[in-house]
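# Remarks on the overall topology
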Amino acid sequence: MNVLGLESSCDETSVSIIADDVIKSNLISSQDFHIKYGGVVPELSSRAHLQIINPLLKQSLQEANLSLKDIDLVCATAGPGLIGALLIGLTYGKALAYGMGKPFIPVDHVEGHLFSGFLMEEKPEYPFLSLTVSGGHTLLLLVSSPTDIKKLGTTIDDAVGEAFDKVSKMLGYGYPGGPKIQEAASKHLGDLIPFPISNTKGEYDFSFSGIKTAVLRYIQKNFDTAEKLEEEDKNLISASFQNYAVKALIQKVEKAVKNFSVKSLSLSGGVAANIFLREELSLLAKRNNKKLIIPAIQFCGDNAAMIAFRGEMLYKEGLSFSNELNAYPSLTFNKLIR
Ligand code: KG4
Ligand code: ZN
């Protein structure tokens, strides 16, 4: 079966082809021009998706050595994300499928991330505990089957990736913040600033606005303005923030591992690229004698391979969707995450 995946929820346009479970192509075009605005500008994002999606599809077919008529199933991200951006990939995918008389599956972006561990050779085993962490989501999920996903906890304020991005902005590093904070943190050896890990009412919930504010207060108190920060100060703040933000995630995952009987652990989403988080979660998995699946870096950020894979999974589960389905900015449309 040849599956085409399309992803355009934010600032990456991606086209992927998976043929009989082998990834033949996974092209990702990142919209780097948003950097100068300090964040993603929705209208510019939509326009860039529109310009690149057709050439990317052509290139992807070439790489896979297939033509359009060989595609058996079309899948595209339906949400959550920027509505104008989503509409490009979704409408393009629906039109392609309709024109070719092939089935179409709309895919939830978060579900794409959470099943991205299956793109690896060693796959998660059900039931598994999933930590899905991106710029928009921080979710701890108990996944018992492709369609049985229970939400154990989520953030009550900022997503962890969002906190990385905001701290990065405070330090003058810009967007996206995660990789820059990680790099600065790696240059610091020694003591850390004891930033707080916030308590939450929900046993498995997260909160990152407290640590973000603590970083801001630390800068204001000690340096007055961010311009006065030296390179070493930025490295120290980055290392301290990264340490406590990751520890906040680890604490809740460890609690869940002990309280739920799971076969494996899975880490996914853009923040899953973070080396310190990957290391800490590996240690947690070892301590608790669990198999850990983390996607390769190219499958952590937004990519269409995860969309194609998840779409095929739902198709094989017998799910079908009305062609009337539209893009949606938040909330899942298929209610699979309970
Ligand atoms: O999944 P993703 O590409 O887009 C969303 O669906 O949000 O995630 C993007 C987020 C951004 O907040 C970015 O700063 C963060 O992932 N990120 C990282 C790293 N690489 C990307 N955060 C921490 N460490 C990283 N190495
Ligand atoms: Zn994402």
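Domain parsing of the protein yields domain 1 (2–114 + 299–316) and domain 2 (122–294). Computed from C-alpha atoms alone, the centre-to-centre distance between domain 1 and domain 2 is 27 Å. Taken together, the contacts link 13 residues of domain 1 with 19 residues of domain 2. For the domain 1 and domain 2 pair, buried surface summed over both sides reaches about 1,200 Å², with 69% attributable to carbon and sulfur atoms. Taken together, the connections running from domain 1 to domain 2 amount to 0 salt bridges.

Distances from the zinc ion (ligand 2) to its protein donors, His 109 (NE2), His 113 (NE2) and Asp 302 (OD), fall within 2.0 to 2.1 Å. Every donor residue of the zinc ion (ligand 2) comes from the same chain, spaced as H-x3-H-x188-D. In this pair, His 109 is assigned in helix α3 (residues 109–114) and Asp 302 in the loop between β10 (291–293) and α9 (304–316), connecting sequence segments 193 residues apart. A relative accessible area of 15% places Asp 302 in the buried class.

Applying the stated rule across the entire model yields 2 cavities of 30 Å³ or more. Along its surface, the largest cavity is lined by Ile 197, Ser 198, Thr 200, Asp 205, Phe 206, Ser 207, Ala 248, Gln 251 and Lys 252. Across the lining of the largest cavity, the residue classes tally to 3 nonpolar, 4 polar and 2 charged. Computed from the structure, the second largest cavity encloses a volume of approximately 40 Å³. For the second largest cavity, the full set of lining residues is Leu 129, Ser 130, Leu 131, Leu 140, Val 253, Leu 265, Ser 266 and Leu 281.

Attention now goes to the environment of Glu 280. Here Glu 280 shows up in helix α8 (residues 275–287). Residue classification places Glu 280 among the buried positions, given a relative accessible area of 15%. Along the sequence, Glu 280 and Leu 171 sit 109 residues apart, while their C-alpha atoms lie 25 Å from each other. Ignoring anything within four residues of it in the chain, the contact list for Glu 280 reads Val 246, Lys 247 and Ile 250.

On to the site of ligand 1, then. Inspection of the region around ligand 1 gives 19 residues, with Gly 135, Asp 165, Gly 178, Gln 182 and Asn 274 positioned closest. For ligand 1, an oxygen atom lies 3.0 Å from a polar atom in the side chain of His 113. Side-chain polar atom of Asp 302 to an oxygen atom of ligand 1: 3.1 Å apart, as the coordinates give it. In isolation ligand 1 has 550 Å² of accessible area, and contact with the protein removes 86% of it. Elements supplying a minimum of two residues to the shell around ligand 1: α3, α4 (160–170) and α5 (177–186). Counting residues per element, the shell around ligand 1 draws most heavily on α5, which supplies 4 residues. Each of two domains, domain 1 (2–114 + 299–316) and domain 2 (122–294), supplies a minimum of three residues to the shell around ligand 1.

On to the sheet that holds strand β2 (residues 12–19). Strand order across the open sheet formed by 5 strands is β3-β2-β1-β4-β5, with mixed pairing between neighbours. Strands at the two margins of the open sheet, each flanked by one partner only, are β3 (22–30) and β5 (104–108). Between one strand axis and the next, the sheet turns by 20 degrees as a mean value, whatever way the strands run. Of the strand pairs in this sheet, strand β1 (residues 2–7) and β2 are connected by 6 bridges, and their pairing is antiparallel. What sits directly across from Gly 5, in β2, is Ser 16. The strands touched by helix α2 (residues 83–100) within the sheet are β1, β4 (73–79) and β5, with β4 carrying the most contacts at an inclination of about 155 degrees.

Rules and cut-offs
- Residues numbered from 1 in each chain as written.
- Chains lettered and ligands numbered in written order.
- Predicted model: local features only at pLDDT ≥ 70, side-chain atom pairs only at ≥ 80, totals over all residues.
- Heavy atoms only, no water.
- Domains from an automatic or database assignment.
- Contact = heavy atoms within 4.5 Å.
- Buried area = accessible area lost by both parts, 1.4 Å probe.
- Salt bridge = Lys/Arg side-chain N within 4 Å of Asp/Glu carboxyl O.
- Donors = N, O, S within 2.8 Å, 3.2 Å for Na, K, Ca; no water.
- Helix = DSSP H or I, 4+ residues; strand = E, 2+ residues; numbered from the N terminus.
- Buried < 20%, exposed > 50% of the residue type's maximum accessible area, 1.4 Å probe, protein only.
- 1 Å grid on protein atoms, 1.4 Å probe; cavity = no way out; pocket = protein on both sides within 12 Å on 5 of 7 lines; lining within 4 Å.
- Points joined across faces, edges and corners; volume = space filled by probe spheres on them.
- Nonpolar A, V, L, I, M, F, W, Y, C, P; charged D, E, K, R; others polar.
- Near = heavy atom within 4 Å.
- Polar contact = N/O pair within 3.5 Å; in protein donor to acceptor, adjacent residues only side chain to side chain.
- Areas by Shrake-Rupley, 256 points an atom, 1.4 Å probe, with all protein chains shown as cover.
- Pairing = 2+ DSSP bridges.
- Axes fitted to C-alpha atoms, helices over the stretch in contact; angles between N-to-C directions.

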